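What follows is the residue order along each chain.
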Amino acid sequence: MLLAALQQVDKYYGDQDVLMGATLELYTSSQLALIGRNGAGKSTILRLLMQQEQPDGGQVYVREGVQIAMLEQDPVMSQDVTIEAVSDQAFTELDALEQRLAELEQAGLDKPDIFETWERIHDIFERRGGYARRARRDAVLHALGFQGREHDLASQLSGGEKTRLGLAKLLMAQPDVLLLDEPTNHLDMAMRTWLEGYLGRYPGSVVIVSHDRSFLDGAVKTTAEIANATLRTFEGIPSAYREHRAAQLEIEAATRANQHKERERLAASAAQMKQWAGQNAKLHRRAKSMERKLERYETTMLADAESELGRPRFVFPCGSSGDIILQATHLAKRFSTKTLFEDVHLTVRAGERIAIVGPNGAGKTSFLRVLLGDQVSDNPQTHLRYGARVQIGYYDQALSGVNPDATLIEELIRMVGDSDAHNLLGRFLFPYDAQFKAIRDLSGGERARLALLKLTLGEYNVLVLDEPTNHLDVEMIEALEHALAVYEGTLILVSHDRKFIQTTTDLIWEIDGGKFQAYEGGWSYYQQKRASRRSENEHTAKASDGKLGASKPKQAAHKSPSKWQLERTLETLEQQISELEDRLEHVTTQLANPQTVDTSSIAELGHDHAQLEADLLTAMTAWDEATDQLAAKQAG
């Protein structure tokens, strides 16, 4: 069912064309990634779909009764409202619909006009998951880190937590069309993985704007790119689209080159014939015929390639250092009664590329600051020693030491001189006009690019990057990956971007639950070890509950399941999911045709529907975990 669409939409701001003839259709169960460079027009498309802006040409269509909602990055929370109350607010519309259904049922569904109204409202209620809303609330609060905090005041949450609670509220409400602009901001890896799977099964339509490539590939089925005011749609995930588009551009470039050669040949032949013609009428006609052939050929030629900003390219110059970069003993940090990490001993050697990972609030940034000496360790025995000739470059998006009232070009002239300032800003995708923008007025993406630019100006042999991909578009992230690939120094970074970590690092430090653990391998190795550890913990927990049986050998509690066991588990879960889906479809059919059941049974069917959806969610979560474990086994 078509829920919403842009139909040949034009949109411009002043003399800037943002959209020209854009068409986009959103159907039930559409999962679409909206990609493009910062400033290309992605947010404009979202605002048009929300009808917050009107098109300058074409039409925005929204089906009658369809609810569209968009994620707010800075939601406003009342002073006295709790997380539980915010959760209840998510169901205001669904509660009202349920009350209206009950009133109609009381009035009697045997009357055609009442039944018709009931059926229309019930369709909306069911489509938006009204029967399963309480189970959905519990699942979302647990997954996004709010379980057990229901009585906390929302106004006392951090900015990131408020954004995350806004996302939770939106998911609980389950609108027909869900518009998510950077939904992974403030989500740790576990939350991103859960959200990726949840959106992949979303019953309505989802439009996602994100620079997290792994997340997009896992959450969507369709890709739409906005570039040069043109919107292109591709049936496939963003990584497949980018490969397809690159191949398409290569083919077009080769075709265009051949066409230009052929045009030159035809033009030269026509000119030669005209020169030979002299007073010969027959040759004149032949020359005219050749000119018309040239004109016809020109109409079949591909248009000139669209002009785009060049791909950013930069490097991080690197000075030499000793073999030992840093040695630390007895590192510890606590906040109130919470231990972030304690008694950590480590050595960092030249050339190592380390990612610090862990859930939100685990202490990753605090750990980084203790290593840098910006925070004091809580253990008096702590000893930090840096190696010879160590020069640390820190990714500072706060832009410390930069005059916020200066323009970009003024600040760059101060840093590098007049002759290189414009070219350097251009290399980091600051167009000429933007170079006269005050630094205090820069967007998040512009501030991130300026912070990277600053890092290229020193010969640092150690780079420390805290969430460097936040606010960067895909092209700049890939440019950063390329720069780090050829960087010869030592790298320490904090990130939740799985693909970025996998591409740039080969050692993992995990901080979780007050513990520090180093993994002598990259992202795939870490995932494999993590899956094995989770499996061992599950077996240990079952053993402690007496569920493994006294006859089992003790080591069985510590042995991770084999590939064969995981494959059998997946088969069982798939069978269970299939059965639950069949039962859910049967109950759904009954609810959609209430004339076939007793009115008194409708409430009971609604309860069955909610329980079946909750059971299905549990089974699918278990299937996801088993799939991850099997993938880790196969990778090993």
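Residues numbered from 1 in each chain as written. Predicted model: local features only at pLDDT ≥ 70, side-chain atom pairs only at ≥ 80, totals over all residues. Heavy atoms only, no water.

Peer 1: In this structure, what is going on with the overall build of the protein? I would like to understand it.
Peer 2: Of regular secondary structure, the protein possesses 19 helices and 18 strands. Roughly 31,800 Å² of accessible area belongs to the protein as shown, and the carbon and sulfur atoms make up 48% of that amount. (Helix = DSSP H or I, 4+ residues; strand = E, 2+ residues; numbered from the N terminus. Areas by Shrake-Rupley, 256 points an atom, 1.4 Å probe, with all protein chains shown as cover.)

Peer 1: Teacher, can you tell me more about a negative patch on the surface here?
Peer 2: A cluster of like negative charges, contributed by Glu579, Glu581, Asp582 and Glu585, occupies part of the molecular surface. Among the structural elements, Glu579 can be located in helix H18 (residues 563-592). Overall, the relative accessible area of 43% leaves Glu579 in the partly exposed class. (Patch = residues over 30% accessible without salt bridge, like charges linked within 9 Å, V, L, I, M, F, W, Y side chains within 5 Å. Salt bridge = Lys/Arg side-chain N within 4 Å of Asp/Glu carboxyl O. Lys, Arg positive; Asp, Glu negative; His and termini not counted. Charge placed at Lys NZ, Arg CZ, Asp CG, Glu CD. Buried < 20%, exposed > 50% of the residue type's maximum accessible area, 1.4 Å probe, protein only.)

Peer 1: How do you make sense of the sheet that holds strand E11 (residues 338-349) when you look at a structure like this?
Peer 2: Strand pairing in a sheet is mediated by backbone hydrogen bonds. Such pairs are either parallel or antiparallel. Spatially, 3 strands are ordered E11-E10-E13 in an open sheet, and the strand pairing comes out antiparallel. With partners counted over all chains shown, the strands left at the sheet margins are E11 and strand E13 (383-386), one partner each. Across the sheet, the mean angle separating the axes of adjacent strands is 15° when strand polarity is ignored. (Pairing = 2+ DSSP bridges. Axes fitted to C-alpha atoms, helices over the stretch in contact; angles between N-to-C directions.)

Peer 1: What is the right way to read empty space enclosed by the protein from this model?
Peer 2: In this approach, a probe sized like a water molecule rolls over the atoms, and the result shows the empty space that is left. All chains considered together, the criterion is met by 3 cavities of 30 Å³ or more. Considered as a void within the structure, the largest cavity measures approximately 110 Å³ in volume. As for the largest cavity, its lining consists of 14 residues, of which Thr184, Arg192, Asp212, Thr469 and Asn470 are closest to the centre. Across the lining of the largest cavity, the residue classes break down as 1 nonpolar, 8 polar and 5 charged. Of the volumes computed, that of the second largest cavity is approximately 90 Å³. The wall of the second largest cavity is formed by Leu34, Ile35, Gly36, Lys42, Val209, Ser210, His211, Glu225, Arg242, Asp473, Val474 and Glu475. Sorting the residues of the lining of the second largest cavity by element identifies strand E3 (31-35) and helix H15 (474-486) as the ones contributing at least two each. (1 Å grid on protein atoms, 1.4 Å probe; cavity = no way out; pocket = protein on both sides within 12 Å on 5 of 7 lines; lining within 4 Å. Points joined across faces, edges and corners; volume = space filled by probe spheres on them. Nonpolar A, V, L, I, M, F, W, Y, C, P; charged D, E, K, R; others polar.)

Peer 1: Looking at this structure, I do not really get the environment of Leu199. What am I missing?
Peer 2: One can find Leu199 in helix H7 (residues 189-200). Residue Leu199 is classed as buried on the basis of its relative accessible area, which comes to 0%. Distance from Leu199 to Leu216, taken between C-alpha atoms, is 10.0 Å for residues 17 residues apart in sequence. Each residue touching Leu199, except ones within four places of it in the same chain, is listed here: Gln31, Leu171, Leu178, Leu180, Val206, Ile208, Phe215 and Ala219. (Contact = heavy atoms within 4.5 Å.)

Peer 1: What is the right way to look at the pattern of salt bridges in this model?
Peer 2: If the charged atoms of two oppositely charged side chains come close together, the side chains can form a pair. Going through the model one piece at a time under the given rule, you end up with 25 salt bridges. We note a salt bridge from Arg192 to Asp212, for which the minimum N-O separation is 2.5 Å. Here Asp212 lies in the loop between strand E7 (205-209) and helix H8 (213-219) and Arg192 lies in helix H7, a separation of 20 residues in the sequence. For the pair formed by Arg192 and Asp212, the shared burial category is buried. Put simply, Asp378 and Lys333 hold a salt bridge, and the shortest N to O gap is 3.6 Å.

Peer 1: Just to check I follow, could you spell out the packing of aromatic side chains for this structure?
Peer 2: The relative placement of two aromatic rings is captured by the distance of their centres and the angle of their planes. Under the counting rule described, the total for this entry stands at 14 aromatic pairs. With a centroid separation of 6.2 Å and an interplanar angle of 15°, the aromatic rings of Phe115 and Trp118 are classed as stacked. You can see Phe115 and its partner Trp118 sitting in helix H4 (residues 112-127), 3 residues apart, about one turn around the helix. Assigned by exposure class, Phe115 and Trp118 land together as buried. When the centroid spacing of 5.4 Å and the interplanar angle of 45° are considered together, the rings of Trp523 and Tyr526 count as tilted. Of this pair, Trp523 and Tyr526 both sit in helix H17 (residues 523-544), 3 residues apart, which is roughly one turn of the helix. In this structure an aromatic cluster arises from ring pairing among Phe314, Phe316, Phe428 and Tyr487. A cation sits over an aromatic face here: Arg449 above Phe430, 4.5 Å from the ring centre. (Phe/Tyr/Trp six-rings, centres within 6.5 Å; stacked < 30°, edge-to-face > 60°. Lys NZ or Arg CZ within 6 Å of the ring centre and 35° of its normal.)

Peer 1: Sorry, what's going on with the side chain of Gln31 here?
Peer 2: Summarising the element assignment, Gln31 is placed in strand E3. Here Gln31 falls in the buried class, since its relative accessible area comes to 1%. Beyond its immediate sequence surroundings of up to four residues, Gln31 is in contact with Leu199, Gly200, Arg201, Tyr202, Val206, Ala219, Val220, Lys221 and Thr222.

Peer 1: Where do I start with the nonpolar core in this structure?
Peer 2: One recurring pattern in soluble globular proteins: nonpolar side chains tend to sit buried together. If you look at the biggest cluster of nonpolar residues, it comprises 53 residues, and the most contacted ones within it are Leu144, Leu165, Leu171 and Leu199. Sequence-distant contacts of Leu165, defined by excluding residues within four places in its chain, comprise Met77, Ile83, Val86, Phe146, Ala154 and Leu157. If you look at the next biggest cluster of nonpolar residues, it comprises 43 residues, including Met189, Phe428, Leu453 and Leu491. (Core = buried A, V, L, I, M, F, W, Y, C linked by side-chain atoms within 4.5 Å.)

Peer 1: Honestly, a positive patch on the surface in this entry has me stumped. Any pointers?
Peer 2: Residues Arg286, Lys288, Arg292, Lys293 and Arg296 make up a contiguous surface patch of positive charge. With respect to the helices, strands and loops of the structure, Lys288 is situated in helix H10 (residues 281-300). By relative accessible area, Lys288 is classed as partly exposed at 49%.

Peer 1: In this structure, what is going on with the environment of Thr504? I would like to understand it.
Peer 2: Structurally, Thr504 is set in helix H16 (residues 498-504). Considered as a pair, Thr504 and His482 are 22 residues apart in the sequence and their alpha carbons are 8.8 Å apart. At 2.7 Å, the side chain of Thr504 and the backbone oxygen of Phe500 are in polar contact. (Polar contact = N/O pair within 3.5 Å; in protein donor to acceptor, adjacent residues only side chain to side chain.)

Peer 1: For this particular structure, what's the right way to read the confidence of the model for the protein?
Peer 2: If pLDDT is low for a region, its predicted coordinates should not be looked at in detail. In this model, the protein carries an average pLDDT of 84, and 89% of its residues clear a pLDDT of 70 or more. Contacts of residues 548-558 to residues separated by more than four positions or lying in other chains number 11 contacts, the stretch itself having pLDDT below 50. (pLDDT = per-residue confidence, 0-100.)

Peer 1: Just checking my understanding: could you explain the sheet that holds strand E15 (residues 462-466) for this structure?
Peer 2: With respect to topology, 6 strands assemble into an open sheet ordered E14-E15-E16-E12-E17-E18, the strand pairing being mixed. Because the sheet does not close on itself, it has two edges, and the strands there are strand E14 (392-394) and strand E18 (515-519). With direction set aside, neighbouring strand axes in the sheet form an average angle of 15°. Relative to strand E17 (residues 507-512), strand E12 (residues 353-357) runs parallel, the two being bridged by 4 bridges. Opposite Ile356, over in E17, you have Trp509 as the bridge partner.

Peer 1: Could you clarify how one ought to interpret the packing of helix H5 (residues 133-143) against helix H6 (residues 159-173) in this entry?
Peer 2: For any two helices packed against each other, one specifies the crossing angle of their axes together with the interaxial distance. For the pair H5 and H6, interaxial distance at closest approach is 9 Å and the crossing angle is 155°. Relative to H6, H5 is oriented roughly antiparallel. Seen from above, H5 lies across H6 with right-handed handedness. Across from Arg136, Arg137, Val140 and Leu141 in H5, the residues of H6 making contact are Ala168, Leu171, Met172 and Ala173. (Parallel < 35°, antiparallel > 145°, perpendicular 65-115°, else oblique. Left-handed = near helix turned anticlockwise from the far one by under 90°.)

Peer 1: Explain helix H14 (residues 444-455) here, please?
Peer 2: Two residues of an α-helix separated by three or four positions point the same way, owing to the 3.6 residues in each turn. Taking 1.5 Å per residue, 12 residues should reach 16 Å; H14 reaches 17 Å between its end C-alpha atoms and fits that length. Within the span of H14, buried status applies to Gly445, Glu446, Ala448, Arg449, Leu450, Ala451, Leu452, Leu453 and Leu455. Each element contacted by the buried residues of H14 is listed here: E14, helix H12 (408-416), helix H13 (418-427), E15 and H15. (Expected span 1.5 Å × (residues − 1).)

Peer 1: Is there a simple way to explain the packing of helix H9 (residues 238-277) against H10 in this structure?
Peer 2: Axis separation between H9 and H10 bottoms out at 8 Å; the angle between their running directions is 165°. What the angle tells us is that H9 and H10 run roughly antiparallel. Where H9 crosses over H10, the handedness of that crossing is left-handed. Together, Gln259, Glu262, Arg263, Leu266, Ala267, Ser269, Ala270, Met273, Lys274, Trp276 and Ala277 of H9 and Leu283, His284, Arg286, Ala287, Met290, Glu291, Lys293, Leu294, Tyr297, Glu298 and Thr300 of H10 make up the contact between the two elements. Residue classes in the contact of H9 with H10 are distributed as 11 nonpolar, 4 polar and 7 charged.

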